[in-house]
Amino acid sequence: MDLRDFIKLCEEAGELKRIEKEVDWDLELSHIAKLNEEEKGPALFFQNIKGYNTPVLTSAFTTNKRLAIALGQPQTASLCEIAKSWMKATTKKLIPPEVVSTGPVFDNVVEGDKINLFDLPVPKFYPMDGGRFIGTTAALVTKDPDSDWVNLGTYRMQVLDENSVGVQIIKGKHADFHMNRYKELGKPMPAAAIIGGDPLNFLVGSTLVSAGVSEYEIIGSLRDEPAKVFISDLTGLPLPYDCEIILEGEIDPVERRQEGPFGEYTGYYSGKKSDEWPKPFINVKRVYFRNNPILWSTTVGKPITDTHMIQSLNRTATMWTDLENMHIPGIKSVYLPPESGGRFWGIVSVKQMYPGHSMHVGTAVISTTTGHYGLKGVIVVDDDIPADDWTKVFWAMSMRYDPVARTQIINRGRSTPLDPALPINAREICSRIIIDACIPYEWDRKPLEIQLDTEMADKVRSKWQEYGF
Ligand SMILES: Cc1cc2nc3c(=O)[nH]c(=O)nc-3n(C[C@H](O)[C@H](O)[C@H](O)COP(=O)(O)O)c2cc1C
């Protein structure tokens with residue numbers, strides 16, 4: 001499935017709206033998209049951007065239905081169910097990509113002085129943004145110089161001039177590992193920003209996959225067929241053959257330029273001023289684009305946009321995958337709600353089988369690839385409570401939880417420089433809380449839960465209308 005197939009499927013399902021009226025790339029487009037996303041509206045296809053011929057797609061993933069369409073799942077599936085099928089696919093064998101010689105992305109190839117990134121209708125999203133952000137759905141492709149490990153990472157990208165794109169690669173991200181190694185070697189890092197192609201390039205590019213595992217392999221296992229890539233003669237990188245747009249070049253591992261600020265997914269601007277936090281940038285040497293390319297964007301900003309839905313889905317899936325790979329018994333469901341940015345809180349439902357089982361789960365969660373980074377809290381509930389049922393989760397936190405007896409605070413965990421709850425100069429470390437809202441397994445005398453009398457409930461249901469309802 002490429003982006004055009006996805007757009008067609010959304011349109012057939014009544015999940016996409018074409019906007020024909022002229023719209024300005026400068027704030028107007030993003031404001032339409034944001035307000036639409038807050039209403040859980042359709043994906044938007046802006047066909048008429050002021051001064052441009054290229055259309056822009058936004059809001060692709062704001063609903064479970066469109067996430068399900070992208071992943072070939074039933075359109076009625078809940079986010080938790082989609083994440084579970086993701087977990088099942090990725091705990092099987094991963095499928096490496098297949099190399100092909102060409103593809104539709106070769107329709108147009110522009111190099112050197114002919115490159116002008118302002119030829120694309122790149123949106124400015126929020127009033128205090130430092131500029132126009134071309135990469136909100138883009139994934140950066142890089143390769144470890146010492147091995148075959150190819151990484152895809154979704155890092156925001158700002159157009160700095162005609163052929164430079166600033167990239168916010170946060171410390172400890174996989175492209176950061178690669179970049180540090182290139183720095184040691186004293187060489188520039190080959191890099192490419194990919195936009196479009198399989199919609200999973202974005203969904204999986206923004207997923208916390210373990211170091212050393214290529215996102216292409218995860219895409220392969222989710223599709224149950226290899227992702228198709230060509231090997232670039234410019235950088236040697238494997239790049240998807242069907243992207244809408246690819247910006248290819250190199251990143252100097254030492255040089256930095258001012259980038260940002262940007263209205264981030266936390267609902268706040270990104271924190272440090274751009275001169276306090278200069279960023280690496282891609283020196284773009286070649287641009288590939290399909291005939292009639294589509295620029296794909298997402299609005300980020302305050303929850304809930306499709307960014308939060310994506311993070312909720314892919315982080316729920318990877319946390320569940322890790323717990324499964326750790327062979328922890330009894331896991332019933334996992335959920336990182338979009339309201340928490342899709343990352344700051346996690347809930348796990350477990351069927352307890354031994355004393356301390358619920359804390360086994362809680363401590364495992366904060367050790368997973370997803371849970372070790374930025375997570376502020378995990379709530380563990382019994383198996384009668386689905387992790388994505390807020391009403392029941394609050395009931396458990398009220399009726400089964402005693403803060404002093406069943407809370408663990410972890411003082412030092414890895415955090416994100418984008419967390420506005422932390423002081424501006426100390427955002428690398430945060431604390432975490434584990435809330436064990438399960439009835440302790442070892443209790444002899446457990447609270448006696450009220451259940452309706454089954455026979456009477458059936459009788460009442462059968463006579464429901466007679467009561468005047
Ligand atoms: C829309 C969107 C924008 C993101 N922007 C950034 C960013 O600017 N920098 C960053 O380090 N991570 C960003 N992330 C999170 C990363 O995509 C995520 O941590 C991913 O795991 C990074 O890939 P890696 O694990 O291969 O490093 C963003 C995620 C989304 C959904």
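Source: prediction; values computed, not measured. (Residues numbered from 1 in each chain as written. Predicted model: local features only at pLDDT ≥ 70, side-chain atom pairs only at ≥ 80, totals over all residues. Heavy atoms only, no water.)

1. Quick notes on the domain arrangement of the chain
Reports often express the size of an interface as the amount of accessible area lost when the parts come together. This is how the line gets drawn: Residue ranges for the domains trace back to a domain assignment, done automatically or taken from a database. Joining two parts hides part of their accessible area as seen by a 1.4 Å probe, and the buried area is that hidden amount summed over both. A pair is scored as a salt bridge if a Lys or Arg side-chain nitrogen falls within 4 Å of a carboxyl oxygen belonging to Asp or Glu. Each polar contact in these results corresponds to two N or O atoms within 3.5 Å; when the atoms are within protein, one needs to be able to donate a hydrogen and the other to accept it, and residues that are neighboring in sequence are counted only if both atoms are side-chain atoms.
Partitioning the chain into structural domains gives domain 1 (95-293) and domain 2 (306-436). Look at where the C-alpha atoms of domain 1 and domain 2 centre, and you get two points 30 Å apart. Across the interface of domain 1 and domain 2, roughly 1,800 Å² is buried in total on both sides, 65% from carbon and sulfur atoms. If you sort the residues of domain 1 by the area they bury against domain 2, Leu203, Leu208 and Tyr265 come out on top, with a joint share of 40%. Here domain 1 is connected to domain 2 by 1 salt bridge. Of the charged contacts in the structure, one is a salt bridge between Lys171 and Glu428, with a shortest N-O distance of 2.7 Å. Linking domain 1 with domain 2 are 8 residue pairs in polar contact (both at pLDDT 80 or more).

2. Regarding the sheet that holds strand 12 (residues 228-231)
Basically, it comes down to this: DSSP-based pairing: two strands are paired if at least 2 bridges between them are found. Runs of E in the DSSP output that reach at least two residues are strands. Runs of H or I that reach at least four are helices, and both are numbered from the N terminus.
Across the sheet, which stays open at both edges, the 3 strands sit in the order 4-12-13 with mixed pairing between neighbours. Whereas interior strands pair on both sides, the edge strands pair on one side only; in this sheet they are strand 4 (98-99) and strand 13 (238-240). Pairing geometry for strand 4 and strand 12, over 2 bridges, is parallel. Paired with Val99 across the two strands is Val229, which belongs to strand 12.

3. Examining the pairing of strand 1 (residues 16-19)
Heads up, the condition is: Call a crossover right-handed when, viewed with both strands pointing away from you, the route from the first strand across the helix to the second goes clockwise.
One ladder, built from 4 bridges, connects strand 1 with strand 2 (residues 43-46); its direction is parallel. In the sheet register, Arg18 faces strand 2, and the bridge partner there is Phe45. In this view, the connection linking strand 1 to its parallel neighbour strand 2 by way of helix 2 (residues 28-38) has right-handed handedness.

4. Brief notes about the environment of Asp161
Basically, it comes down to this: The contact criterion used is simple: two residues touch if any of their non-hydrogen atoms lie within 4.5 Å.
Mapped onto the secondary structure, Asp161 falls in strand 9 (residues 157-161). The spatial distance from the C-alpha of Asp161 to the C-alpha of Leu323 is 44 Å, given a sequence separation of 162 residues. Not counting the four nearest positions on each side in its chain, Asp161 is found in contact with Leu117, Phe118 and Arg257. Within the structure, Asp161 has its side chain in polar contact with the side chain of Ser164 (distance 2.8 Å).

5. Some details on unusual backbone geometry
That bond from Gly260 to Pro261 is cis: its omega, -5°, falls within 30 degrees of zero. Mapped onto the fold, Pro261 is located in the loop between strand 14 (245-251) and strand 15 (281-289). With an omega of 5°, the peptide bond between Pro303 and Ile304 qualifies as cis. For Ile304, the location among the structural elements is in the loop between strand 16 (295-296) and helix 8 (306-325). Residue Lys40 is not a glycine yet carries a positive backbone phi of 55°. Of note, Lys40 is situated in the loop between helix 2 and strand 2. One non-glycine residue with positive phi stands out, namely Asp224, at about 60°. Relative to the elements of secondary structure, Asp224 occurs in the loop between helix 7 (215-223) and strand 12.

6. Looking at the site of the ligand
As a reminder of what qualifies: Consider each residue's heavy atoms; a residue with any of them within 4 Å of a molecule or strand counts as near. Shrake-Rupley sampling with a 1.4 Å probe provides the accessible areas, and residues are treated as covered by the protein chains on show and by no other component. Two kinds of site are reported from a 1 Å grid over the protein atoms alone, namely cavities, where a 1.4 Å probe fits but cannot get out, and pockets, open sets with protein on both sides within 12 Å along at least five of seven lines, and residues are called lining when an atom falls within 4 Å of a point. By definition, a pocket or cavity contains a molecule when more than half of the molecule's atoms lie within 2 Å of the pocket's grid points. Side-chain classes follow a simple rule in which Ala, Val, Leu, Ile, Met, Phe, Trp, Tyr, Cys and Pro form the nonpolar group, Asp, Glu, Lys and Arg form the charged group, and the remainder, Gly included, forms the polar group.
Taken together, 20 residues lie around the ligand, and Thr154, Arg156, Gln168, Lys173 and His174 are the ones closest in. Within the backbone of Gln168, an N or O atom sits 2.7 Å from a nitrogen atom of the ligand. Burial of the ligand by the protein chains amounts to 96% of its free accessible area of 620 Å². Using a 2 Å cut-off from the grid points, one finds that the ligand occupies the largest pocket. If you list the elements that add at least two residues to the shell around the ligand, you get strand 8 (150-153) and helix 8. Per-class residue counts for the shell around the ligand are 4 nonpolar, 12 polar and 4 charged.

7. Remarks on the nonpolar core
Note the threshold: In this text, buried Ala, Val, Leu, Ile, Met, Phe, Trp, Tyr and Cys residues form a nonpolar core when linked through side-chain atoms within 4.5 Å. Exposure categories follow from relative accessible area, calculated using a 1.4 Å probe and restricted to protein chains: below 20% of the type maximum is buried, above 50% is exposed, and the middle band is partly exposed.
Leu57, Phe61, Ile134 and Leu140 are the most contacted members of the largest nonpolar core, which totals 119 residues. Beyond its immediate stretch of four places on either side in the chain, Leu57 contacts Leu3, Ile7, Leu16, Ala43, Leu44, Phe45, Ile294, Leu295, Trp296 and Ser297. Within the second largest apolar cluster, 12 residues are counted, among which are Tyr126, Leu208, Phe262 and Tyr373.

8. A short note on the pairing of strand 10 (residues 164-167)
Burial along strand 10 is two-sided: Ser164 and Gly166 facing one way and Val165 and Val167 facing the other are all buried. Two elements, strand 9 and strand 10, share 4 bridges in a ladder whose sense is antiparallel. Looking across to strand 10, one finds that Gln158 is bridged to Gly166. Across 3 bridges, the pairing between strand 10 and strand 15 is antiparallel. Bridge assignment links Val165 to a residue of strand 15, and that residue is Ile282.

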